[in-house]
Amino acid sequence: MAGKIGRVEPFDSAVESWDSYHERLEQYFICNEVKSEKKVPVLLTLIGGNTYSLLRGLTRPKKPSEVSYGDLVATLRKHLCPKPLVIAERFRFHKREQAEGETILDYVAALRKLSEHCLLDEAILDDMLRDRLVCGLRNEHIQKKLLSEAELTFTSATDIAVAMETAARDATELQSKHSPSASVHKLHTKKKFHGYGGTSGKYTPKGGKSCFRCNGDHNPQSCYYRDKECFKCHKKGHSKHACRSQKKNKMSVHMINQNDSSDSNEIYIKTLEMDINSMRRSDDVIRITPIVNSVSLEMELDTGAAVSVIPEKIFKEKFPNVKMKPSDILLKTYTGERIKPAGVAEVSVRYQDQRKDLNLYVVKKAGVTLFGRDWLKQITLNWPEIKALGTCKAEKNLKTVLDKHSSVFKDDWGTLKGIKAKLTVKPDAKPKFVKARQVPYALKPKVEVELGKLVKDGVLEKCNFSEWATPIVPVSKKDGSVRVCGDFKVTLNPVLEVDQYPLPRIEDIFAALSGGQQFSIVDLKHAYLQMEVEEDSRPLPTINTEKGLYRYNRLVYGVASAPAIWQRSMDMVFKDFLE
């Protein structure tokens, strides 16, 4: 052999399987006319150090060179390519879908590879590949096209899908070339709108303010909110974020910060305009009560304050004997007004088991005492206790609400006030009495418990005689209990004068909710059973059970008039809310 033809790299399981590597190796032997007696040395030379070390362990106590070529290949195949499970391989095949950014040809190649170990006949395999290709495509348009084909094979499905994918890609490229305004993958610098300039009233991108309708960076004349209603003032022409009515509810809050840009030792007192609607309530403020010079001092925690300050009036009341020293800092307001502190006092601060000597700055202006960042760096607050106090307060408020409205939160059926249900039968109607039906033995205890509960709650009352009697149908509920229903279709419903009242459609409900801003859900427990039945109508829905006769005092499920009676009552109750 004059020269070596081709090249076979060392085997790497991360790149290809052993079967694929062995197939290439056999072709290498054919090209280079490797004789049978030389196949073992060539194999051991080409497979690489890692695979040779593995082979040495698999052929012990013999060396790999002492084993035949066929046995070496079989040993490596057994170890590196164990027989795959057909069920698992078919599961992977049927689960495979086209990935994001994967071309159809790549997807087809992946399906063919996954079908290798599915052990499917050639005729079945073509149908399976076709079905998986159509179902796994990401492009809905191509999928619809393939589904519309009457006689679709895997080959034709692949051709159509590839052609449509190529056409869509080429069309997109052509559109991007011919359209001068195409902005795909193109970054633009956003110009800010600064309002109107000059006297002409025209839009100018420089000078002035942003859109007064929504505070956006565009022309107010083209603003989306030009004809929209504000949710705050209900006037048209602006959004709630740019509503000028907000500016009437303003309040000042304090914030002290260190002036890092000043050469002098200045501290800013910033007076910020905050929307009163976005302010925290006074009961949300975190208050700390440290012991300052043996005096309990209530302070407001303010992480925006660089130093801790106290108004002079409060300082003289709490610490009349504490002397102040001149302060070397200057307080400065947001508007530029400079305020010289009345002084600074060195005080002993004790908080729980911590004690520190800290500076407390005294200002002449009235306000609250602030626990600033300088103290916060020296004293570690008990945050779990602070949060727990807030939780207790919330629980106290909740208990107050529950006690005040205890009737609403009672665990009972409830009763609709002022409205009772009236059941009317046809003039020629004759009472009908049906014997009690036998209840399955497994449900008997549950039915007895439910009947006893209904009697206890006043929904049912025991009676000894009745011209009307309806058998019951026990219905199992999700919680394991049963609902006792009467089979009124065999007794009362055929002779009942059914109330005619329109029940709302879902479209009507959505139309009524249109434009609403606040929504509530009322879950009426047991619904119909909250409405009492008039005295002369109570004999009609009498039920017959294995425990005897029971008369309903409340409107019961299954009566044909119940939905209309209940809907009319609900409309009357919520009339003022729906107008």
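Anything mentioned here points back to the structure above.
These notes cover the structure that comes with them. (Residues numbered from 1 in each chain as written. Predicted model: local features only at pLDDT ≥ 70, side-chain atom pairs only at ≥ 80, totals over all residues. Heavy atoms only, no water.)

**Examining the overall build of the chain**
We count it as follows: Segments assigned H or I by DSSP are reported as helices when at least four residues long, segments assigned E as strands when at least two residues long, and all are numbered from the N terminus. Contact definition: two residues touch when any of their heavy atoms are within 4.5 Å. Each accessible area is a Shrake-Rupley estimate made with a 1.4 Å probe; only the visible protein chains count as cover when residues are assessed.
Assigned secondary structure in the chain consists of 16 helices and 19 strands. For the chain, long-range pairs separated by at least 24 residues make up 60% of all intrachain contacts whose partners lie at least 6 apart in sequence. Carbon and sulfur atoms make up 53% of the accessible area of the chain, which amounts to about 38800 Å² in all.

**Some thoughts on the pattern of salt bridges**
Rule in force here: For this document, the term salt bridge refers to a Lys or Arg side-chain nitrogen within 4 Å of an Asp or Glu carboxyl oxygen. Here the term buried applies to any residue with accessible area under 20% of the maximum for its type, exposed to any over 50%, and partly exposed to those in between, with areas from a 1.4 Å probe on protein chains only.
Taken as a whole and assessed by the stated rule, the structure comprises 20 salt bridges. One salt bridge in this structure joins Glu 534 and Lys 422, with 3.8 Å as the shortest N-O distance. In this pair, Glu 534 sits in the loop between β17 (532-533) and β18 (543-545) while Lys 422 sits in the loop between β13 (420-421) and α13 (444-456), placing the two residues 112 residues apart along the sequence. For Glu 534, a relative accessible area of 27% corresponds to the partly exposed category. By relative accessible area, which is 40% here, Lys 422 ends up partly exposed.

**Structural notes on the sheet that holds strand β19 (residues 548-552)**
Stated formally: Two strands pair if DSSP finds at least two bridges between them. Note on geometry: axes are C-alpha line fits, over the in-contact stretch for helices, and angles between N-to-C directions span 0 to 180 degrees.
Pairing in this open sheet of five strands is mixed, and the strands run β14-β19-β18-β15-β16 from one edge to the other. Each end of this open sheet is capped by a strand with a single partner; those strands are β14 (460-463) and β16 (482-486). Across the sheet, the axes of successive neighbouring strands diverge by a mean angle of 40°, strand direction being ignored. In this structure, β14 lies alongside β19, joined through four bridges in antiparallel fashion. Across the sheet, residue Glu 461 finds its bridge partner in β19, namely Arg 551. Packed onto the sheet, α13 meets β14, β15 (470-476), β16, β18 and β19 and runs at close to 75° relative to β16.

**Concerning the side chain of Ser 308**
Threshold: Residues adjacent in sequence count toward polar contacts only when both atoms are side-chain atoms; beyond that, a polar contact is any pair of N or O atoms within 3.5 Å, and within protein one must be able to donate a hydrogen and the other to accept it.
Mapped onto the secondary structure, Ser 308 falls in the loop between β6 (299-301) and β7 (309-311). A polar contact is formed between the side chain of Ser 308 and the backbone nitrogen of Gly 372, at a distance of 2.8 Å. A distance of 3.0 Å separates a polar atom in the side chain of Ser 308 from a polar atom in the side chain of Asp 374. Sequence-distant contacts of Ser 308, defined by excluding residues within four places in its chain, comprise Met 299, Asn 359, Leu 360, Tyr 361, Leu 370, Phe 371, Gly 372, Asp 374 and Trp 375.

**Structural notes on unusual backbone geometry**
Of note, the amide linkage connecting Arg 60 to Pro 61 takes the cis form, showing an omega dihedral of 10°. Structurally, Pro 61 can be placed in the loop between α3 (49-58) and α4 (69-80). Even without glycine at this site, Asn 293 takes up a positive phi of about 50°. With respect to the helices and strands, Asn 293 occurs in the loop between β4 (291-292) and β5 (295-296). Even without being a glycine, Gln 352 presents a positive backbone phi close to 55°.

**A word on the nonpolar core**
The test is simple: By nonpolar core is meant a set of buried Ala, Val, Leu, Ile, Met, Phe, Trp, Tyr and Cys residues that side-chain atoms within 4.5 Å join together.
In terms of nonpolar packing, the biggest core is built from 36 residues, with Val 447, Leu 492, Met 531, Ile 543, Leu 555 and Val 559 touching the most fellow members. Secondary-structure elements contributing two or more residues to this core are α13, β16, β19 and α15 (562-573). A total of four residues in this core trace back to one element, the largest contributor, which is α15. Ignoring sequence-local partners within four residues, the contact set of Leu 492 consists of Leu 423, Val 425, Trp 468, Leu 540, Pro 541 and Val 559.

**Some details on α4**
The test is simple: By definition here, a helix of n residues has an expected span of 1.5 Å times n minus one. Here the arc refers to the directions that run from the helix axis out to each C-beta atom.
With 12 residues, α4 should cover 16 Å at 1.5 Å per step; its first-to-last C-alpha distance of 16 Å lies within 8% of that length. When α4 is considered as a whole, its buried residues turn out to be Tyr 69, Leu 72, Val 73 and Leu 76. In an axial view of α4, the angular spread of the buried residues amounts to 95°, which keeps them on one side of the axis. Buried residues along α4 sit against α1 (18-31), α2 (39-46) and α3.

**Quick look at helix α7 (residues 122-136)**
In this model α7 runs 21 Å from its N-terminal to its C-terminal C-alpha over 15 residues, within 8% of the 21 Å that 1.5 Å per residue would give. Regarding α7, the residues found buried are Leu 129, Arg 132, Leu 133, Val 134 and Gly 136.

**Some remarks on the environment of Val 34**
Residue placement: Val 34 occurs in the loop between α1 and α2. According to the relative accessible area criterion, Val 34 is buried, its value standing at 18%. Residues contacting Val 34, with those up to four places away along its chain left out, are Phe 29, Lys 39 and Val 42.

**Focus on the side chain of Thr 51**
Locating Thr 51 in the fold gives a position in helix α3. Once residues within four sequence positions are removed from consideration, Thr 51 is found in contact with Phe 11 and Leu 76.

**Notes on the packing of aromatic side chains**
Just so we agree on the cut-off: Only the six-membered ring of Trp is used, alongside the rings of Phe and Tyr, when aromatic pairs are assigned; centres must lie within 6.5 Å, and planes under 30 degrees apart are stacked while those over 60 apart are edge-to-face, with the rest tilted. The criterion for a charge sitting over a ring is simple: Lys NZ or Arg CZ within 6 Å of the ring centre, and within 35 degrees of the ring normal.
Throughout the structure, instances matching the rule amount to nine aromatic pairs. Following the ring pairs from residue to residue traces out a cluster consisting of Phe 11, Trp 18 and Tyr 21. Sitting over the face of the ring of Tyr 550, Lys 462 holds its NZ or CZ atom 5.2 Å from the ring centroid. It is Arg 483 that lies over the ring of Tyr 557; its NZ or CZ is 5.9 Å from the centre.

**Observations regarding the packing of α1 against α4**
Rules: Relative orientations are named as follows: roughly parallel for angles under 35 degrees, roughly antiparallel for angles over 145 degrees, roughly perpendicular for angles from 65 to 115 degrees, and oblique for any other angle. In this classification, the charged set is Asp, Glu, Lys and Arg, the nonpolar set is Ala, Val, Leu, Ile, Met, Phe, Trp, Tyr, Cys and Pro, and all remaining amino acids, among them Gly, are polar.
Two numbers describe how α1 lies on α4: the axes approach to 10 Å, and their chain directions differ by 155°. What the angle tells us is that α1 and α4 run roughly antiparallel. Seen from α1, the contacting residues are Trp 18, Asp 19, His 22, Leu 25, Glu 26 and Phe 29; seen from α4, they are Tyr 69, Val 73, Leu 76, Arg 77 and Leu 80. Class assignment of the residues belonging to the contact of α1 with α4 gives a composition of seven nonpolar, one polar and three charged.

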